[in-house]
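# Geometric and topological summary
Below, each chain spelled out in residue letters.
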Amino acid sequence: MNLNLDFAAILERWPAFLDGALLTLQLAFIATALGTVIGVLGAIGRRSRHPVVSRLCGIYVEAIRNTPLLVQIFLVYFGLASLGLKLSAFTVAAAALTINVGAYTTEIIRAGFDAIPRGQIEAAEGLALSRAQIYWHVVMWPAIERVYPSLTSQFVLLMLASSVTSQISAEELTAVANYIQSDTYRAFETYILVAIVYVVLSLVMRAGFWLLGLVIFPRRRRLGTPL
Amino acid sequence: MHNITRTDTAPPVVGLSDVHKSFGALKVLNGVSFEVNRGEVLVLIGRSGSGKSTALRCIDRFETIDSGEIIVCGHRVSDPKLDLRALRQDVGIVFQSYNLFPHLTIEENITLAPCSVKGISKSQAKEQARQVLAQVGLEDKLRQYPEQLSGGQQQRAAIARSLAMQPKVMLFDEVTSALDPELTGEVLKVIEALAADGMTMVMVTHEMGFAKGIADRVVFMHRGKVHETGPAAILTSPATPELAQFVGTGL
Ligand SMILES: Nc1ncnc2c1ncn2[C@@H]1O[C@H](COP(=O)(O)OP(=O)(O)O)[C@@H](O)[C@H]1O
Ligand SMILES: [Mg+2]
């Protein structure tokens, strides 16, 4: 058995790989940003005093966490199509990934909210802060700081999982690879290269989150201690 | 001991009358009544579990009462339609466990409520933070985070944070109980200075020596009732055997 690797035909397609990688990053960025918003709102909803609200948020989280991402993508894809909405594969992919990561983010942020000691909230109430002000100033920031590592891991996982959207022909990295390997008959080389690009994307994201953490958590920047 | 600038017609700052409160089957307050006038320091004492914290928390509506009436700075606390945030602007409360916000600097801890609740400007709030920190002897800790301060310093910062809202009455619940004896003194000194300035206060404390020095009135709680009340002198010459036994144990 001799292994005969030839990357030349693959490497000359580098602009396509670059486009795919950028699209993957875009998908990850959109789903991370919107997923964070959904996660914060979902976590607030799950802790709501109104049982209907908390129940609905709970159903959302459980529905997403107990079904495969690919099935969710198809549901969004065919669901929107059957409503007569003609959206690009990219939009559908971004929507499905957002809905997916929003559920995981809800659970992570809720755990962070639950970890805020009751006394913190009482102190804020005693200072006459409103419920919204307490959530924003006293609960949300320390909660997110506490769960930041789990949160960012989840977002990196999401970026990797976005390869599944190649199934609906979103032109992200894996879809590009599928196309190039069928074109060049160099499947193994193609996926070796793609794996390396995914590793690089993961590292880029982790570095980005590290820098973001320095900006949004000044206490940690100054003291370096976990909350 | 203080100059109480009060005419006899002025209503008390805090008034409880016949307050009842149960947690499930446990009757914690069983007809509690007392009043605190402007500039007065009322010290609540009693065994652990006698309902002191509950009484204090009812004043700031952290607990709702079953029956009776509580009036604080003109707010009917027992009224279901109470404007809770208006009440809490008039009342400052300091807990045993400081509860400073760990992710904010001392300055941010102090300016948060004046800026978000009263809507005063950032620069004005910062100036005020400097003043209240000077009052508690921590002017140099403005930019520190809570975890960088000792327990006593954190408790003084928590007092400063309350003061920045310019409350009309301060509630203290065993604010030195979590502190080493050598750190207790610095916190008590701050409270003494507040009393000398004429702040109206209700405090729960186990520091009997301190209570004797600062109290205008002492309320001894026992089995959910005000068992004995009077001037600080009752601590040295109690009228009831229960208070005698309580002060005798040196608690
Ligand atoms: N939220 C609560 N739920 C149930 N029981 C409580 C609650 N808060 C206090 N208690 C009980 O009420 C009693 C009086 O408590 P507390 O007012 O804290 O007493 P003290 O401050 O005098 O030690 C205690 O037996 C305590 O266990
Ligand atoms: Mg207590």
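These numbers come from a predicted model, not from an experiment. (Residues numbered from 1 in each chain as written. Chains lettered and ligands numbered in written order. Predicted model: local features only at pLDDT ≥ 70, side-chain atom pairs only at ≥ 80, totals over all residues. Heavy atoms only, no water.)

Once that is clear, we can look at the nonpolar core. Looking at soluble globular proteins, one finds that nonpolar side chains tend to be buried together. Judged by nonpolar contacts, the single largest core of 94 residues is most densely connected at Phe34(B), Leu44(B) and Val72(B). No other element matches helix α7 (residues 131-161) of chain A, which puts 14 residues into this core. If we skip the residues at most four places from it in the chain, Phe34(B) touches Val14(B), Gly15(B), Leu16(B), Leu42(B), Leu44(B), Ile59(B), Val219(B) and Val226(B). Judged by nonpolar contacts, the second largest core, of 47 residues, contains Leu142(B), Met170(B), Ala195(B) and Ile214(B). (Core = buried A, V, L, I, M, F, W, Y, C linked by side-chain atoms within 4.5 Å. Buried < 20%, exposed > 50% of the residue type's maximum accessible area, 1.4 Å probe, protein only. Helix = DSSP H or I, 4+ residues; strand = E, 2+ residues; numbered from the N terminus. Contact = heavy atoms within 4.5 Å.)

Tallying the contact residues gives 27 residues for chain B and 23 residues for chain A. Taken together, the two surfaces of chain B and chain A that pack against each other cover about 2,100 Å², and 61% of this comes from carbon and sulfur. When the buried area of chain B at its contact with chain A is split by residue, Phe101(B), His103(B) and Tyr145(B) rank highest and sum to 27% of it. Glu122(A) is the partner of Arg57(B) in a salt bridge, and the nearest nitrogen-oxygen pair spans 2.8 Å. Seen at the junction of chain B and chain A, the total is eleven residue pairs in polar contact (both at pLDDT 80 or more). Among the elements that make up the side of chain B that touches chain A, the one with the highest residue count is helix α3 (residues 106-118) of chain B (four residues). Looking at the side of chain B that touches chain A, its residues break down into twelve nonpolar, eight polar and seven charged. (Buried area = accessible area lost by both parts, 1.4 Å probe. Salt bridge = Lys/Arg side-chain N within 4 Å of Asp/Glu carboxyl O. Polar contact = N/O pair within 3.5 Å; in protein donor to acceptor, adjacent residues only side chain to side chain. Nonpolar A, V, L, I, M, F, W, Y, C, P; charged D, E, K, R; others polar.)

Residue and element names in this part refer to chain B. Spatially, four strands are ordered β2-β1-β4-β5 in an open sheet, and the strand pairing comes out antiparallel. The sheet is open, and its two borders are formed by β2 (26-36) and β5 (75-76), each paired with just one other strand. The sheet strands contacting helix α1 (residues 52-59) are β1 (14-23), β2 and β4 (67-72), and the helix crosses β2 at an angle near 60°. (Pairing = 2+ DSSP bridges. Axes fitted to C-alpha atoms, helices over the stretch in contact; angles between N-to-C directions.)

A separate point is the packing of aromatic side chains. Residues and elements named next belong to chain B. Taken as a whole, this structure holds nine aromatic pairs over all chains when the rule is applied. Their ring planes at 65° and their centres at 6.1 Å tell us that Phe-62 and Phe-95 sit as a pair that is edge-to-face. With Phe-62 in the loop between α1 and β4 and Phe-95 in the loop between β6 (91-94) and α3, this pair connects stretches of sequence that are 33 residues apart. The burial state of Phe-62 is the same as that of Phe-95; both residues are buried. (Phe/Tyr/Trp six-rings, centres within 6.5 Å; stacked < 30°, edge-to-face > 60°.)

Keep in mind these numbers describe shape, not what the thing actually does.
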